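Analysis of the macromolecular model
The primary structure of each chain is shown beneath.
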Amino acid sequence: MTVQAGVVGKPNVGKSTFFAAATLVDVKIAPYPFTTIEANKGVGYVKIKCVCRELGVKDSPVNSVCIDGWRFVPVELIDVAGLVPDAWQGRGLGNRFLDELRRANVLIHVIDAAGATDIEGRPVKPGTHDPMEDLQFLEREITMWMYQIISKDWPRTAKALDLKSNIAKELSKKLSGLGITIADIESALSEISLLRKKPSKWTEDELKNFIHVLREKSKPIIIAANKSDLPAAEDNIKRLRKELSGKYLVIPTSAESELALRKAASKNLIKYLPGDSDFEIIGEVTPKQQKVLEYIRERVLKKWGSTGVQQVINAAFLDVLEMLAVFPVENENKYTDHHGRVLPDVYLVPKGTTAREFAYMIHTDLGEKFISAVDVKTKKRLSADFKLEHRMVIKIIAGR
Ligand SMILES: Nc1nc2c(ncn2[C@@H]2O[C@H](COP(=O)(O)OP(=O)(O)OP(=O)(O)O)[C@@H](O)[C@H]2O)c(=O)[nH]1
Ligand SMILES: [Mg+2]
(Lines give C-alpha, C1' and ligand atoms only; values in the text may rest on other atoms or scores of the structure.)
(Ligands and ions follow the chains in the order given, each with its own letter.)
Protein backbone atom coordinates (compact mmCIF):
# COMPACT_ATOMS: atom_id res chain seq x y z
CA MET A 1 0.00 0.00 0.00
CA THR A 2 1.47 3.32 -0.96
CA VAL A 3 1.99 5.97 1.66
CA GLN A 4 -0.44 8.84 1.60
CA ALA A 5 -0.40 12.51 2.53
CA GLY A 6 -3.64 14.39 3.16
CA VAL A 7 -3.74 18.01 1.99
CA VAL A 8 -5.81 19.81 4.62
CA GLY A 9 -6.72 23.28 5.82
CA LYS A 10 -9.53 25.79 5.93
CA PRO A 11 -11.27 26.70 2.65
CA ASN A 12 -9.68 28.88 -0.02
CA VAL A 13 -6.04 28.65 1.08
CA GLY A 14 -4.75 26.85 -2.03
CA LYS A 15 -5.07 23.14 -1.16
CA SER A 16 -6.30 22.19 -4.61
CA THR A 17 -3.68 24.43 -6.23
CA PHE A 18 -1.00 22.67 -4.18
CA PHE A 19 -2.47 19.30 -5.13
CA ALA A 20 -2.68 20.21 -8.82
CA ALA A 21 0.89 21.52 -8.82
CA ALA A 22 2.17 18.32 -7.20
CA THR A 23 0.19 15.85 -9.30
CA LEU A 24 -0.66 17.78 -12.48
CA VAL A 25 -4.19 16.42 -12.07
CA ASP A 26 -6.65 18.98 -13.39
CA VAL A 27 -8.90 20.06 -10.51
CA LYS A 28 -11.22 22.94 -9.80
CA ILE A 29 -9.50 25.98 -8.28
CA ALA A 30 -11.37 29.18 -7.44
CA PRO A 31 -11.13 32.21 -5.12
CA TYR A 32 -14.06 31.28 -2.85
CA PRO A 33 -14.64 28.73 -0.05
CA PHE A 34 -15.79 25.15 -0.68
CA THR A 35 -14.63 24.93 -4.26
CA THR A 36 -13.66 21.34 -3.57
CA ILE A 37 -16.50 19.10 -2.43
CA GLU A 38 -15.44 15.59 -3.42
CA ALA A 39 -11.87 14.67 -2.51
CA ASN A 40 -9.26 14.55 -5.27
CA LYS A 41 -6.74 11.74 -5.26
CA GLY A 42 -3.55 11.72 -7.26
CA VAL A 43 0.09 10.78 -7.44
CA GLY A 44 2.80 13.14 -6.26
CA TYR A 45 6.50 12.44 -6.05
CA VAL A 46 9.25 12.47 -3.47
CA LYS A 47 12.44 13.69 -5.18
CA ILE A 48 15.58 11.77 -4.32
CA LYS A 49 19.10 11.96 -5.64
CA CYS A 50 19.29 8.81 -7.74
CA VAL A 51 22.21 6.43 -7.31
CA CYS A 52 22.59 5.98 -11.09
CA ARG A 53 25.29 8.62 -11.48
CA GLU A 54 27.45 7.49 -8.59
CA LEU A 55 27.23 3.92 -9.91
CA GLY A 56 27.97 5.18 -13.43
CA VAL A 57 24.98 3.50 -15.10
CA LYS A 58 22.06 4.50 -17.25
CA ASP A 59 19.00 3.28 -15.36
CA SER A 60 15.66 1.94 -16.60
CA PRO A 61 13.15 2.90 -13.88
CA VAL A 62 9.91 0.99 -13.50
CA ASN A 63 8.11 2.10 -10.33
CA SER A 64 9.51 5.62 -10.42
CA VAL A 65 10.96 8.19 -12.83
CA CYS A 66 14.55 9.39 -13.24
CA ILE A 67 15.21 12.84 -14.71
CA ASP A 68 18.68 14.40 -14.79
CA GLY A 69 19.87 12.14 -11.98
CA TRP A 70 16.83 12.78 -9.78
CA ARG A 71 14.51 9.91 -8.87
CA PHE A 72 10.86 10.80 -8.47
CA VAL A 73 9.23 8.22 -6.23
CA PRO A 74 5.43 8.08 -6.28
CA VAL A 75 3.34 8.82 -3.19
CA GLU A 76 -0.39 9.30 -2.92
CA LEU A 77 -1.90 12.72 -2.25
CA ILE A 78 -5.48 13.40 -1.27
CA ASP A 79 -6.98 16.89 -1.47
CA VAL A 80 -10.07 17.27 0.69
CA ALA A 81 -12.75 19.90 1.17
CA GLY A 82 -11.93 22.89 3.37
CA LEU A 83 -12.32 22.51 7.13
CA VAL A 84 -14.12 25.16 9.16
CA PRO A 85 -14.29 25.41 12.97
CA ASP A 86 -16.57 22.70 14.38
CA ALA A 87 -16.43 20.63 11.19
CA TRP A 88 -16.15 17.57 13.44
CA GLN A 89 -19.71 18.30 14.59
CA GLY A 90 -20.88 18.60 11.03
CA ARG A 91 -20.34 22.30 10.29
CA GLY A 92 -19.43 23.36 6.75
CA LEU A 93 -19.07 20.23 4.71
CA GLY A 94 -18.88 18.40 8.00
CA ASN A 95 -17.03 15.32 9.08
CA ARG A 96 -17.88 13.19 6.08
CA PHE A 97 -14.65 14.20 4.39
CA LEU A 98 -12.65 13.97 7.60
CA ASP A 99 -13.27 10.28 7.07
CA GLU A 100 -11.34 10.59 3.81
CA LEU A 101 -8.24 11.22 5.91
CA ARG A 102 -8.39 7.82 7.56
CA ARG A 103 -5.62 6.40 5.42
CA ALA A 104 -3.37 9.47 5.51
CA ASN A 105 0.03 8.87 7.14
CA VAL A 106 0.87 12.56 7.33
CA LEU A 107 -1.07 15.79 6.92
CA ILE A 108 0.11 18.72 4.82
CA HIS A 109 -1.61 21.69 6.42
CA VAL A 110 -1.87 24.41 3.80
CA ILE A 111 -2.30 27.82 5.39
CA ASP A 112 -2.78 31.23 3.82
CA ALA A 113 0.41 32.84 5.06
CA ALA A 114 -0.61 36.14 3.47
CA GLY A 115 -3.56 36.35 5.86
CA ALA A 116 -5.87 37.09 2.92
CA THR A 117 -8.73 34.84 4.09
CA ASP A 118 -10.64 34.76 7.37
CA ILE A 119 -11.09 31.68 9.57
CA GLU A 120 -13.89 30.40 7.31
CA GLY A 121 -11.89 31.03 4.13
CA ARG A 122 -13.66 34.19 2.98
CA PRO A 123 -11.38 36.64 1.17
CA VAL A 124 -10.22 39.57 3.32
CA LYS A 125 -7.59 42.28 2.83
CA PRO A 126 -4.14 40.59 2.77
CA GLY A 127 -2.38 40.83 6.10
CA THR A 128 -5.53 41.21 8.17
CA HIS A 129 -6.04 37.60 9.34
CA ASP A 130 -3.48 35.94 11.61
CA PRO A 131 -2.68 32.48 10.13
CA MET A 132 -1.51 31.34 13.57
CA GLU A 133 -5.17 31.00 14.54
CA ASP A 134 -5.70 28.47 11.77
CA LEU A 135 -3.18 26.05 13.26
CA GLN A 136 -4.90 25.58 16.59
CA PHE A 137 -8.32 25.11 15.13
CA LEU A 138 -7.19 22.56 12.58
CA GLU A 139 -5.43 20.44 15.18
CA ARG A 140 -8.52 20.58 17.34
CA GLU A 141 -10.80 19.51 14.51
CA ILE A 142 -8.70 16.47 13.69
CA THR A 143 -8.38 15.52 17.36
CA MET A 144 -12.11 15.95 18.02
CA TRP A 145 -12.96 13.91 14.94
CA MET A 146 -10.86 11.07 16.37
CA TYR A 147 -12.32 11.63 19.80
CA GLN A 148 -15.82 11.32 18.43
CA ILE A 149 -15.03 7.99 16.83
CA ILE A 150 -13.16 6.58 19.82
CA SER A 151 -15.41 7.92 22.58
CA LYS A 152 -18.49 6.43 20.96
CA ASP A 153 -19.26 3.37 23.03
CA TRP A 154 -16.18 4.03 25.20
CA PRO A 155 -17.57 2.73 28.54
CA ARG A 156 -18.24 -0.65 26.96
CA THR A 157 -14.96 -0.72 25.09
CA ALA A 158 -13.10 0.24 28.26
CA LYS A 159 -14.68 -2.59 30.25
CA ALA A 160 -13.74 -5.09 27.59
CA LEU A 161 -10.19 -3.69 27.52
CA ASP A 162 -9.89 -4.09 31.30
CA LEU A 163 -9.95 -7.84 30.80
CA LYS A 164 -7.17 -7.88 28.22
CA SER A 165 -3.48 -8.10 29.02
CA ASN A 166 -2.38 -6.09 25.97
CA ILE A 167 -4.45 -2.89 25.75
CA ALA A 168 -2.52 -1.52 22.79
CA LYS A 169 -3.14 -4.60 20.71
CA GLU A 170 -6.86 -4.63 21.47
CA LEU A 171 -7.23 -0.90 20.89
CA SER A 172 -5.42 -1.15 17.58
CA LYS A 173 -8.14 -3.49 16.31
CA LYS A 174 -10.64 -0.72 16.93
CA LEU A 175 -8.43 2.03 15.52
CA SER A 176 -6.70 0.45 12.53
CA GLY A 177 -9.39 1.96 10.31
CA LEU A 178 -8.05 5.38 11.29
CA GLY A 179 -4.57 4.43 10.15
CA ILE A 180 -3.38 4.09 13.76
CA THR A 181 -0.80 1.38 14.48
CA ILE A 182 -0.02 -0.58 17.64
CA ALA A 183 3.28 1.27 17.85
CA ASP A 184 1.45 4.64 17.82
CA ILE A 185 -0.84 3.46 20.61
CA GLU A 186 1.94 2.00 22.73
CA SER A 187 4.05 5.12 22.53
CA ALA A 188 1.04 7.34 23.28
CA LEU A 189 0.07 5.21 26.30
CA SER A 190 3.56 5.23 27.69
CA GLU A 191 4.06 8.94 27.04
CA ILE A 192 1.11 9.84 29.23
CA SER A 193 1.64 6.94 31.69
CA LEU A 194 -1.60 5.11 30.99
CA LEU A 195 0.00 1.76 30.21
CA ARG A 196 -0.89 0.34 33.62
CA LYS A 197 -4.15 2.08 34.34
CA LYS A 198 -7.37 0.20 33.63
CA PRO A 199 -9.20 1.94 30.74
CA SER A 200 -12.49 1.95 32.69
CA LYS A 201 -10.71 4.08 35.32
CA TRP A 202 -9.44 6.69 32.83
CA THR A 203 -10.89 10.12 33.43
CA GLU A 204 -12.47 12.07 30.58
CA ASP A 205 -9.35 14.26 30.48
CA GLU A 206 -7.08 11.24 30.31
CA LEU A 207 -9.03 9.87 27.37
CA LYS A 208 -8.87 13.25 25.62
CA ASN A 209 -5.18 13.59 26.30
CA PHE A 210 -4.57 10.07 25.00
CA ILE A 211 -6.36 10.90 21.77
CA HIS A 212 -4.48 14.17 21.46
CA VAL A 213 -1.13 12.39 21.70
CA LEU A 214 -2.36 9.63 19.41
CA ARG A 215 -3.28 12.24 16.80
CA GLU A 216 0.20 13.75 16.97
CA LYS A 217 1.73 10.35 16.36
CA SER A 218 -0.63 8.91 13.77
CA LYS A 219 -1.36 12.08 11.78
CA PRO A 220 1.70 14.30 12.14
CA ILE A 221 1.41 17.72 10.50
CA ILE A 222 3.73 19.75 8.29
CA ILE A 223 2.88 23.32 7.38
CA ALA A 224 2.86 24.68 3.85
CA ALA A 225 2.84 28.45 4.38
CA ASN A 226 1.19 29.22 1.07
CA LYS A 227 0.81 32.39 -1.01
CA SER A 228 4.44 33.18 -0.24
CA ASP A 229 4.41 35.31 -3.40
CA LEU A 230 2.20 37.93 -1.74
CA PRO A 231 4.09 40.67 0.12
CA ALA A 232 1.91 40.27 3.22
CA ALA A 233 3.21 36.70 3.65
CA GLU A 234 6.78 37.67 4.44
CA ASP A 235 6.45 38.80 8.04
CA ASN A 236 3.96 36.07 8.84
CA ILE A 237 6.28 33.34 7.55
CA LYS A 238 9.18 34.67 9.61
CA ARG A 239 7.02 34.83 12.71
CA LEU A 240 5.46 31.38 12.20
CA ARG A 241 8.86 29.80 11.71
CA LYS A 242 10.15 31.39 14.87
CA GLU A 243 7.16 30.66 17.06
CA LEU A 244 6.58 27.14 15.80
CA SER A 245 10.21 26.08 15.72
CA GLY A 246 10.62 22.66 17.32
CA LYS A 247 6.89 21.97 17.02
CA TYR A 248 6.21 22.14 13.30
CA LEU A 249 8.19 22.31 10.11
CA VAL A 250 7.02 25.45 8.32
CA ILE A 251 7.89 25.65 4.62
CA PRO A 252 6.94 28.69 2.52
CA THR A 253 5.12 27.70 -0.66
CA SER A 254 3.64 29.38 -3.66
CA ALA A 255 1.44 26.65 -5.06
CA GLU A 256 0.17 28.94 -7.78
CA SER A 257 3.73 29.61 -8.98
CA GLU A 258 4.60 25.91 -8.94
CA LEU A 259 1.50 25.10 -10.97
CA ALA A 260 2.42 27.76 -13.54
CA LEU A 261 6.02 26.51 -13.78
CA ARG A 262 5.00 22.85 -14.07
CA LYS A 263 2.52 23.69 -16.81
CA ALA A 264 5.06 25.80 -18.68
CA ALA A 265 7.61 22.97 -18.37
CA SER A 266 5.14 20.38 -19.67
CA LYS A 267 4.59 22.59 -22.74
CA ASN A 268 8.36 22.82 -23.22
CA LEU A 269 8.31 26.57 -22.70
CA ILE A 270 10.80 26.35 -19.85
CA LYS A 271 13.31 23.89 -18.44
CA TYR A 272 12.34 23.35 -14.83
CA LEU A 273 12.24 20.44 -12.42
CA PRO A 274 10.06 20.55 -9.30
CA GLY A 275 12.14 21.88 -6.44
CA ASP A 276 14.55 23.82 -8.66
CA SER A 277 15.64 27.27 -7.59
CA ASP A 278 15.39 28.69 -11.11
CA PHE A 279 14.18 27.90 -14.64
CA GLU A 280 15.39 28.56 -18.14
CA ILE A 281 13.16 29.76 -20.95
CA ILE A 282 13.58 27.39 -23.91
CA GLY A 283 10.40 27.96 -25.97
CA GLU A 284 8.43 30.74 -27.57
CA VAL A 285 6.75 32.63 -24.73
CA THR A 286 4.26 35.44 -25.16
CA PRO A 287 5.02 38.80 -23.48
CA LYS A 288 2.33 38.00 -20.92
CA GLN A 289 3.84 34.61 -20.08
CA GLN A 290 7.25 36.25 -19.85
CA LYS A 291 5.86 38.71 -17.33
CA VAL A 292 4.34 35.98 -15.16
CA LEU A 293 7.56 33.98 -15.27
CA GLU A 294 9.65 37.00 -14.28
CA TYR A 295 7.25 37.72 -11.42
CA ILE A 296 7.68 34.17 -10.12
CA ARG A 297 11.45 34.41 -10.45
CA GLU A 298 11.64 37.68 -8.52
CA ARG A 299 8.87 37.23 -5.94
CA VAL A 300 9.26 33.52 -5.19
CA LEU A 301 12.38 31.78 -6.44
CA LYS A 302 14.91 34.51 -5.61
CA LYS A 303 13.18 35.30 -2.36
CA TRP A 304 12.47 31.84 -0.92
CA GLY A 305 14.81 29.62 -2.94
CA SER A 306 12.02 27.59 -4.54
CA THR A 307 8.24 27.44 -4.79
CA GLY A 308 8.37 25.08 -1.80
CA VAL A 309 5.89 22.50 -3.10
CA GLN A 310 8.49 19.78 -3.73
CA GLN A 311 10.22 20.66 -0.46
CA VAL A 312 6.98 20.12 1.46
CA ILE A 313 6.37 16.70 -0.08
CA ASN A 314 9.95 15.65 0.52
CA ALA A 315 9.91 16.87 4.10
CA ALA A 316 6.54 15.22 4.81
CA PHE A 317 7.88 11.79 3.92
CA LEU A 318 11.62 12.06 4.60
CA ASP A 319 11.66 14.32 7.67
CA VAL A 320 8.27 14.06 9.37
CA LEU A 321 7.66 10.37 8.63
CA GLU A 322 11.42 9.70 8.56
CA MET A 323 11.21 7.41 5.55
CA LEU A 324 14.21 6.19 3.60
CA ALA A 325 14.59 5.35 -0.08
CA VAL A 326 16.05 1.93 -0.83
CA PHE A 327 16.84 0.45 -4.25
CA PRO A 328 16.37 -3.34 -4.50
CA VAL A 329 18.29 -5.24 -7.22
CA GLU A 330 18.84 -8.89 -8.05
CA ASN A 331 22.21 -8.65 -9.72
CA GLU A 332 24.74 -6.85 -7.55
CA ASN A 333 27.21 -6.29 -10.35
CA LYS A 334 24.87 -4.99 -13.02
CA TYR A 335 22.35 -3.47 -10.58
CA THR A 336 19.50 -5.14 -12.47
CA ASP A 337 16.31 -7.09 -11.78
CA HIS A 338 15.69 -10.47 -13.44
CA HIS A 339 14.51 -8.73 -16.60
CA GLY A 340 17.85 -6.96 -16.87
CA ARG A 341 16.39 -3.57 -16.00
CA VAL A 342 18.89 -1.29 -14.28
CA LEU A 343 17.85 0.07 -10.87
CA PRO A 344 14.18 -0.51 -11.67
CA ASP A 345 12.60 0.31 -8.33
CA VAL A 346 12.87 2.48 -5.26
CA TYR A 347 11.00 1.68 -2.06
CA LEU A 348 10.14 4.24 0.57
CA VAL A 349 10.47 2.44 3.89
CA PRO A 350 10.20 3.58 7.50
CA LYS A 351 13.44 4.38 9.31
CA GLY A 352 14.49 1.30 11.26
CA THR A 353 13.42 -1.15 8.56
CA THR A 354 15.71 -4.18 8.71
CA ALA A 355 17.15 -6.17 5.82
CA ARG A 356 14.75 -9.03 6.53
CA GLU A 357 11.72 -6.73 6.81
CA PHE A 358 12.73 -5.20 3.49
CA ALA A 359 12.82 -8.67 1.93
CA TYR A 360 9.26 -9.22 3.16
CA MET A 361 8.21 -5.92 1.57
CA ILE A 362 9.49 -7.06 -1.80
CA HIS A 363 7.91 -10.49 -1.55
CA THR A 364 6.67 -12.67 1.32
CA ASP A 365 8.61 -15.58 -0.13
CA LEU A 366 11.83 -13.59 -0.13
CA GLY A 367 11.28 -12.72 3.52
CA GLU A 368 10.59 -16.29 4.54
CA LYS A 369 13.63 -17.67 2.76
CA PHE A 370 15.90 -14.78 3.70
CA ILE A 371 19.55 -15.74 4.26
CA SER A 372 21.33 -12.38 4.12
CA ALA A 373 21.52 -9.14 2.19
CA VAL A 374 24.26 -7.37 0.30
CA ASP A 375 25.03 -3.66 0.44
CA VAL A 376 25.59 -3.43 -3.30
CA LYS A 377 27.68 -0.23 -3.23
CA THR A 378 30.29 -1.75 -0.88
CA LYS A 379 29.55 -5.46 -1.53
CA LYS A 380 29.35 -5.97 2.24
CA ARG A 381 27.13 -8.71 3.66
CA LEU A 382 24.32 -7.53 5.92
CA SER A 383 22.57 -9.61 8.55
CA ALA A 384 18.80 -9.97 8.92
CA ASP A 385 18.51 -7.27 11.58
CA PHE A 386 20.71 -4.70 9.87
CA LYS A 387 18.85 -1.38 9.71
CA LEU A 388 18.80 -0.04 6.19
CA GLU A 389 20.06 3.44 5.34
CA HIS A 390 18.88 6.12 2.93
CA ARG A 391 19.81 5.51 -0.73
CA MET A 392 21.20 2.02 -0.15
CA VAL A 393 21.16 -0.45 -3.03
CA ILE A 394 20.25 -3.87 -1.63
CA LYS A 395 20.37 -7.41 -2.94
CA ILE A 396 18.54 -10.04 -0.92
CA ILE A 397 20.02 -13.52 -0.81
CA ALA A 398 17.36 -16.15 -0.19
CA GLY A 399 17.26 -19.94 -0.03
CA ARG A 400 15.20 -22.11 -2.32
N1 LIG B 1 -1.30 34.53 -4.54
C2 LIG B 1 -1.50 33.21 -4.47
N3 LIG B 1 -2.74 32.71 -4.62
C4 LIG B 1 -2.90 31.36 -4.55
C5 LIG B 1 -1.81 30.48 -4.31
N6 LIG B 1 -2.28 29.21 -4.29
C7 LIG B 1 -3.61 29.30 -4.51
N8 LIG B 1 -3.99 30.59 -4.68
C9 LIG B 1 -5.33 31.09 -4.97
O10 LIG B 1 -6.20 30.84 -3.87
C11 LIG B 1 -7.54 30.60 -4.31
C12 LIG B 1 -8.04 29.29 -3.72
O13 LIG B 1 -7.32 28.21 -4.27
P14 LIG B 1 -7.83 26.70 -4.16
O15 LIG B 1 -6.68 25.84 -4.56
O16 LIG B 1 -9.12 26.53 -4.88
O17 LIG B 1 -8.06 26.62 -2.58
P18 LIG B 1 -8.63 25.41 -1.69
O19 LIG B 1 -7.92 25.50 -0.40
O20 LIG B 1 -8.57 24.14 -2.44
O21 LIG B 1 -10.15 25.88 -1.49
P22 LIG B 1 -11.45 24.99 -1.13
O23 LIG B 1 -11.51 23.83 -2.06
O24 LIG B 1 -12.55 25.96 -1.35
O25 LIG B 1 -11.29 24.59 0.29
C26 LIG B 1 -7.46 30.58 -5.84
O27 LIG B 1 -7.86 31.85 -6.31
C28 LIG B 1 -6.00 30.34 -6.13
O29 LIG B 1 -5.59 30.84 -7.38
C30 LIG B 1 -0.50 31.05 -4.17
O31 LIG B 1 0.51 30.36 -3.99
N32 LIG B 1 -0.42 32.42 -4.25
MG1 LIG C 1 -10.03 22.85 -3.05
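Residues numbered from 1 in each chain as written. Chains lettered and ligands numbered in written order. Predicted model: local features only at pLDDT ≥ 70, side-chain atom pairs only at ≥ 80, totals over all residues. Heavy atoms only, no water.

**A closer look at the pairing of strand 12 (residues 370-375)**
Of all six residues making up strand 12, five are buried, and the element is well covered by its neighbours. Sheet topology places strand 12 next to strand 14 (residues 392-398); five bridges connect them, and they run antiparallel. Bridging from a neighbouring strand, Ala373 pairs with Ile396 of strand 14. Note: strand 12 against strand 13 (residues 380-382), three bridges, orientation antiparallel. Among the inter-strand pairings, Ala373 is bridged to a residue of strand 13, identified as Leu382. Linking strand 12 to strand 13, which pair antiparallel, is a turn of four residues; within it Lys379 sits at a positive phi near 65°. (Buried < 20%, exposed > 50% of the residue type's maximum accessible area, 1.4 Å probe, protein only. Helix = DSSP H or I, 4+ residues; strand = E, 2+ residues; numbered from the N terminus. Pairing = 2+ DSSP bridges.)

**Considering the site of ligand 1**
For ligand 1, the set of nearby residues contains 23 residues, the closest of which are Lys15, Thr17, Thr35, Asp229 and Glu256. The side chain of Thr36 places a nitrogen or oxygen atom 2.8 Å from an oxygen atom of ligand 1. Between Ala255 and ligand 1, the recorded distance is 3.0 Å, taken from a backbone N or O atom to an oxygen atom. Relative to its unbound accessible area of 660 Å², ligand 1 is 92% covered by the protein chains. For the shell around ligand 1, the element with the most residues is helix 1 (residues 15-23), which contributes three residues. By residue class, the composition of the shell around ligand 1 is 10 nonpolar, nine polar and four charged. (Near = heavy atom within 4 Å. Polar contact = N/O pair within 3.5 Å; in protein donor to acceptor, adjacent residues only side chain to side chain. Areas by Shrake-Rupley, 256 points an atom, 1.4 Å probe, with all protein chains shown as cover. Nonpolar A, V, L, I, M, F, W, Y, C, P; charged D, E, K, R; others polar.)

**Quick word on unusual backbone geometry**
The phi dihedral of Phe34 falls on the positive side, at around 60°, and the residue is not glycine. Along the polypeptide, Phe34 turns up in the loop between helix 1 and strand 2 (40-49). Despite not being glycine, Arg391 shows a phi value in the positive range, around 65°. Locating Arg391 in the fold gives a position in the loop between strand 13 and strand 14.

**Regarding the domain arrangement of the protein**
Examined at the domain level, the protein breaks down into domain 1 (4-39 + 80-145 + 220-318), domain 2 (153-216) and domain 3 (323-398). Each of domain 1 and domain 3 was reduced to a C-alpha centroid, and the two centroids are 36 Å apart. (Domains from an automatic or database assignment.)

**Looking at the layout of surface pockets**
One number sums up the size of the largest pocket: a volume of about 1,000 Å³. What lines the largest pocket is a set of 29 residues, among which Val3, Asn105, Met323, Leu348 and Pro350 lie closest to the centre. At the level of elements, strand 4 (70-79), helix 6 (182-191), helix 7 (204-218) and strand 11 (347-350) are the ones that each hand at least two residues to the lining of the largest pocket. Here the lining of the largest pocket is built from residues that sort into 15 nonpolar, seven polar and seven charged. Within this model, the second largest pocket holds a volume of roughly 560 Å³. Elements with a minimum of two residues in the lining of the second largest pocket: helix 1, helix 9 (255-266) and helix 10 (287-304). With four residues, the top contributor of residues to the lining of the second largest pocket is helix 9. Of the residues belonging to the lining of the second largest pocket, the class tally is 17 nonpolar, 11 polar and five charged. (1 Å grid on protein atoms, 1.4 Å probe; cavity = no way out; pocket = protein on both sides within 12 Å on 5 of 7 lines; lining within 4 Å. Points joined across faces, edges and corners; volume = space filled by probe spheres on them.)

**A word on the coordination of the magnesium ion (ligand 2)**
The magnesium ion (ligand 2) binds to the protein through Ser16 (OG) and Thr36 (OG1); the donor distances cover 1.9 to 2.1 Å. Of the two residues, Ser16 is situated in helix 1 and Thr36 in the loop between helix 1 and strand 2; the sequence distance between them amounts to 20 residues. (Donors = N, O, S within 2.8 Å, 3.2 Å for Na, K, Ca; no water.)

**A closer look at the nonpolar core**
Soluble, globular proteins show a tendency: their nonpolar side chains are buried together. Ranked by size, the top nonpolar core spans 53 residues in total, and within it Ile185 and Phe210 carry the most contacts. Of all elements in the fold, only strand 5 (106-112), helix 3 (132-151), helix 4 (154-162), helix 5 (167-175), helix 6, helix 7, strand 6 (221-226) and helix 8 (233-244) reach the threshold of two or more residues within this core. If you tally residues by element for this core, the top one is helix 3, at 10 residues. Each of domain 1 (4-39 + 80-145 + 220-318) and domain 2 (153-216) accounts for three or more of the residues forming this core. With residues near it in sequence (within four places) discarded, Phe210 still touches Leu171, Ile185, Ala188, Leu189, Ile192, Leu194 and Trp202. (Core = buried A, V, L, I, M, F, W, Y, C linked by side-chain atoms within 4.5 Å. Contact = heavy atoms within 4.5 Å.)

**Some thoughts on the packing of helix 4 against helix 5**
At a closest axis distance of 10 Å, the pairing of helix 4 and helix 5 adopts a crossing angle of 145°. In this structure, helix 4 crosses over helix 5, and the sense of that crossing is right-handed. Contacts between helix 4 and helix 5 involve Trp154, Thr157 and Leu161 on the former and, on the latter, Ile167, Glu170, Leu171 and Lys174. Of the residues in the contact of helix 4 with helix 5, the class split is four nonpolar, one polar and two charged. (Axes fitted to C-alpha atoms, helices over the stretch in contact; angles between N-to-C directions. Left-handed = near helix turned anticlockwise from the far one by under 90°.)

**Quick notes on the pattern of salt bridges**
Applying the stated rule across the entire model yields 25 salt bridges. Among the ionic pairs, Glu322 bridges to Lys351, the shortest N-O distance being 3.4 Å. Taken together, the positions of Glu322 in the loop between helix 11 (309-320) and strand 10 (323-329) and Lys351 in the loop between strand 11 and helix 12 (355-362) put the pair 29 residues apart, joining distant regions of the chain. Taking the relative accessible area as the measure of exposure, Lys351 reaches 56% and is therefore exposed. (Salt bridge = Lys/Arg side-chain N within 4 Å of Asp/Glu carboxyl O.)

**Considering the side chain of Asp118**
Looking at where Asp118 falls in the secondary structure, it is placed in the loop between strand 5 and helix 3. The buried category is assigned to Asp118, whose relative accessible area is 16%. Among the polar contacts made by the side chain of Asp118, one reaches the main-chain amide nitrogen of Glu120 at a distance of 2.9 Å. Not counting residues up to four positions away in its chain, the partners in contact with Asp118 are Lys10, Val124 and His129.

**Examining the packing of aromatic side chains**
The final tally for this structure, using the stated rule, is three aromatic pairs. Each ring, one from Tyr347 and one from Phe358, has its centre 5.5 Å from the other, and the planes form 75°; the classification is edge-to-face. Here Tyr347 is found in strand 11, whereas its partner Phe358 is found in helix 12, with 11 residues between them in sequence. Of note, Lys47 hangs over the ring of Trp70, and the distance from its end group to the ring centre comes to 4.6 Å. Across the ring face of Phe279, the terminal group of Arg297 is positioned such that the distance to the ring centre comes to 4.2 Å. (Phe/Tyr/Trp six-rings, centres within 6.5 Å; stacked < 30°, edge-to-face > 60°. Lys NZ or Arg CZ within 6 Å of the ring centre and 35° of its normal.)

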